[in-house]
Amino acid sequence: MSEVAIALGIWLPLGTVGPFILSRVTGADWRGAFIEACIFATLGVLIFPIMIAMTFALFTRSPNVDIVFAISYILGAISILLFRRRSNRLTNERRYGIR
């Protein structure tokens, strides 16, 4: 039960509010920060932990929740960085015709 409390008390706020604040600090507007936070929350809190936990469950009896969420947040952060890079590239192509 303590692993569930830690997951809900630490990892859930870090996966939802944290990315929004970080996006705003790094220069994204409100709309972009909300989109990035939603993508990160969907990937980092829902999809990646389930996939990683299922993979770890094949090799161990019970996967460590902290490791699962840490790996999924790293993958979520990489996904957001790639999303932002692609979004900036599309914006530059539309504005300046630069590829």
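As shown above, the structure is provided for reference.
So, here is what we can say about the structure in this document. Model, not experiment: these values are computed from the prediction.

Turning to its location among the elements, Thr-26 is positioned in the loop between helix 1 (2-25) and helix 2 (30-59). Relative accessible area serves as the criterion here: at 46%, Thr-26 is assigned to the partly exposed category. One polar contact links Thr-26 to Arg-84, side chain to side chain, over a distance of 3.1 Å.

A word on the layout of surface pockets. The calculated volume of the largest pocket comes to roughly 360 Å³. What lines the largest pocket is a set of 13 residues, among which Asp-29, Gly-32, Glu-36, Ser-87 and Asn-88 lie closest to the centre. Put simply, the parts of the chain that give the lining of the largest pocket at least two residues each are helix 2 and helix 3 (65-96). The dominant element in the lining of the largest pocket, judged by the number of residues it contributes, is helix 3, at five residues. By residue class, the composition of the lining of the largest pocket is three nonpolar, six polar and four charged. What the second largest pocket holds in volume is close to 220 Å³. Along the walls of the second largest pocket sit Gly-18, Pro-19, Leu-22, Ser-23, Thr-26, Glu-36, Phe-40, Ala-77, Ile-80, Leu-81 and Arg-84, which together make up its complete lining. Taken together, the residues of the lining of the second largest pocket break down into six nonpolar, three polar and two charged.

What counts, and at which threshold
Residues numbered from 1 in each chain as written. Predicted model: local features only at pLDDT ≥ 70, side-chain atom pairs only at ≥ 80, totals over all residues. Heavy atoms only, no water. Helix = DSSP H or I, 4+ residues; strand = E, 2+ residues; numbered from the N terminus. Buried < 20%, exposed > 50% of the residue type's maximum accessible area, 1.4 Å probe, protein only. Polar contact = N/O pair within 3.5 Å; in protein donor to acceptor, adjacent residues only side chain to side chain. 1 Å grid on protein atoms, 1.4 Å probe; cavity = no way out; pocket = protein on both sides within 12 Å on 5 of 7 lines; lining within 4 Å. Points joined across faces, edges and corners; volume = space filled by probe spheres on them. Nonpolar A, V, L, I, M, F, W, Y, C, P; charged D, E, K, R; others polar.

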